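Architecture at a glance
One-letter residues, chain by chain:
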Amino acid sequence: MHKLYLELFNSPYGNAALGKSIFAVIDFNGEYGSGKVFGKHQVNVFDGVKRKILIDENIFFNANVLKILAKATENTQSPFLSRTLKQWEEHEKNICSDMQIGLLKKCLQRRDIALVEEWRSVARDVLQENSDDKIDCMNVLETVSLFKGDSLSYLTNAGTGFINQGRSLDEVSSLKKNDNSGKYVSCIPSSDLKLEAIGHELEEKGKSLDLFDSFLVFIKFQKIYDAMYKGMQLEWLKPVVGRLERLFSSVKKYAEIIKNATECYTKGISVFNLKNVDMECKETFALLLSRMFYEKKKYDSTCVSFHLIIDEAHNILNSFKSTHSDVWEDYRLTTFESMIKEGRKYGFFLTIASQRPADISPTIMSQIHNYIIHKLVNDKDLQMLENTMPTLDAFSKSRIPTLGKGEAVLTGRAFGMPSLIKVDYEEYSRPDSDDVDLVEAWSKKPEVSK
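Treat the numbers as computed from the prediction; the structure is a model and nothing was measured.

**Digging into the pattern of salt bridges**
Under the definition given, this model contains 16 salt bridges. Across the pair D226 and R83 runs a salt bridge, and its minimum N-O distance is 2.3 Å. On the criterion of sequence distance, the pair formed by D226 in helix α10 (residues 211–229) and R83 in helix α5 (residues 77–90) is long-range, its members being 143 residues apart. Residue class for R83 comes out partly exposed when judged on its relative accessible area of 28%. With a shortest N-O distance of 3.2 Å, K207 and E204 are connected by a salt bridge. One end of the pair is K207 and the other is E204, both in helix α9 (residues 195–207) and 3 residues apart, which spans about a single turn. Given a relative accessible area of 59%, K207 falls into the exposed group. By relative accessible area, E204 is classed as partly exposed at 37%. The structure contains a network of salt bridges with shared partners spanning E118, K223 and K238.

Okay, here's the thing in structure tokens:
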């Protein structure tokens, strides 16, 4: 596969191809990670460590994508995620402190101490992030607790205040017992609890949050809202929020979610080296990048063509991925099947390479137009060739198990008939995929330290 594109880039068409089209290589094993595999041609390498992978926010913060990645249940958690994402986008992807303070007031007025404690926990995490200092504006709110009867109580320097059911927090509507005089005086709970100051601090802190943290804070408040107004149980919603938190933590290590991320990938060659990325994130990034580039090309006329090249493609196109849900599988296969079936009319082309072709979805294999077949000996792989390649004759198929190193059979619509070829060994500009020469390695004398 590497030789195919190296020859293209070195051909008379090379400069035009690199100047008018985009070539993106998804590299699971780091074989293209050096950035020098295409010789003199510049390669932009994104490895998630030295250079973060850029994902468009509209691709990542998509209801279907989040449901799949967070493994949300269909009846409860999926609708909750969709509602939350819609609300967050309507509030311009901010945590919306005014709305959250309004939610807190309702929790206090209803004397729901469980929801008050949940709200305090979320606010505390936001305001204390990256700081060990105490949150002065939260001091009184932290003291709110159940009092006998139908009231909540809280402690201030001036005494003990009470919140009675149904009373407004913004008017002189409650009494506060002065600890010194023992007398009850009128009070305004919202002022005593410093709700305005808390709202201001939340708003200021929210401005510094990235999209990951902004959505996490918003959805944590939203689960309180749904518990109060929609009769949801916190225990039903906490698991999906926890999975999202772990997902975001993993993705943040390697990627940035930004607006119009595709504009950062210029014409020419980009390599996405996923060698050092966590296994679960490898599949996630491969899927999101593929989807992002496909959606971009469908509506982008500034680029003549987009060529997505996936090495070791069985890592993402495997026909049986038992570790994922059926919804994830459907989304993955639908994405790539759409690329293969419809991509050509948009100028989007897919090249895949795999040593395990039988593991790749038969639907995808049957839609491929041209094949370069190296040595295969596994019966399942050979049977797959017979089922999906009508242009492969019996003689060419019989040669496949005996092909030597660098030899291959070409077949498909681009060729009049199957052909046997020998791919020349590339001495300098090649992927880091050479076999280990054990004789040479064992023959080297160990270095003597001085």
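**Description of a nonpolar patch on the surface**
There is a patch of nonpolar side chains on the surface, built from V436, L438 and W442 and spanning about 400 Å² of accessible area. Looking at where V436 falls in the secondary structure, it is placed in the loop between β15 (419–422) and α18 (438–443). Its relative accessible area of 67% is what places V436 among the exposed residues.

**Overview of unusual backbone geometry**
You will see that K71, though not glycine, has its phi angle at about 55°, which is positive. Inspection of the secondary structure assignment puts K71 in the loop between α4 (63–69) and α5. Residue class for K71 comes out partly exposed when judged on its relative accessible area of 43%. With phi around 60°, R111 is a residue other than glycine that occupies positive phi space.

**Side note on helix α7 (residues 113–127)**
Here α7 spans 21 Å end to end across 15 residues, near enough to the 21 Å set by a 1.5 Å rise per residue. Listed as buried for α7 are I113, L115, V116, E118, W119, R120, V122, A123, V126 and L127. Residues of α7 that are buried in the fold lie against α6 (97–109), β4 (145–147), β5 (151–156), α9, α10 and α11 (234–254).

**Thoughts on the nonpolar core**
The biggest cluster of nonpolar side chains holds 81 residues, and the ones touching the most others in it are I53, F60, F61, F215, L244 and F248. Considering each element in turn, this core owes the most residues, 9 residues, to helix α12 (residues 279–299). Beyond its immediate stretch of four places on either side in the chain, I53 contacts F46, G48, Y254, A255, E256, Y265, F272, L274, F285 and L289. Among the nonpolar cores identified, the runner-up in size contains 36 residues, and C107, L115, Y154 and V217 belong to it.

**Things to note about the sheet that holds strand β2 (residues 43–46)**
Reading across from one edge, β2-β10-β1-β11-β12 is the order of the 5 strands in this open sheet, with parallel pairing throughout. One side of each edge strand has no neighbouring strand; the edge strands of this open sheet are β2 and β12 (348–352). Here the strands of the sheet are splayed against their neighbours by 15° on average, with no regard to which way each runs. With 5 bridges connecting them, strand β11 (residues 305–311) and β12 associate as parallel partners. Paired with I310 across the two strands is I352, which belongs to β12. Helix α1 (residues 2–10) contacts β1 (21–27), β10 (268–273), β11 and β12 of the sheet and is inclined by roughly 155° relative to β1.

**Observations concerning the packing of aromatic side chains**
Using the criterion set out here, one finds 28 aromatic pairs in the structure. Between W88 and F215, the ring centres sit 5.0 Å apart and the planes meet at 70°, which makes this aromatic pair edge-to-face. Of this pair, W88 sits in helix α5 while F215 sits in helix α10; the two residues are 127 residues apart in sequence, bridging distant segments of the chain. Residue classification places W88 among the buried positions, given a relative accessible area of 0%. Since its relative accessible area comes to 0%, F215 is described here as buried. Taken together, a centroid distance of 5.3 Å and an interplanar angle of 45° make the contact between W119 and F221 tilted. In this pair, W119 sits in helix α7 while F221 sits in helix α10, placing the two residues 102 residues apart along the sequence.

Rules behind the numbers
- Residues numbered from 1 in each chain as written.
- Predicted model: local features only at pLDDT ≥ 70, side-chain atom pairs only at ≥ 80, totals over all residues.
- Heavy atoms only, no water.
- Salt bridge = Lys/Arg side-chain N within 4 Å of Asp/Glu carboxyl O.
- Helix = DSSP H or I, 4+ residues; strand = E, 2+ residues; numbered from the N terminus.
- Buried < 20%, exposed > 50% of the residue type's maximum accessible area, 1.4 Å probe, protein only.
- Patch = residues over 30% accessible without salt bridge, like charges linked within 9 Å, V, L, I, M, F, W, Y side chains within 5 Å.
- Areas by Shrake-Rupley, 256 points an atom, 1.4 Å probe, with all protein chains shown as cover.
- Expected span 1.5 Å × (residues − 1).
- Contact = heavy atoms within 4.5 Å.
- Core = buried A, V, L, I, M, F, W, Y, C linked by side-chain atoms within 4.5 Å.
- Pairing = 2+ DSSP bridges.
- Axes fitted to C-alpha atoms, helices over the stretch in contact; angles between N-to-C directions.
- Phe/Tyr/Trp six-rings, centres within 6.5 Å; stacked < 30°, edge-to-face > 60°.

By themselves these figures say nothing about function.
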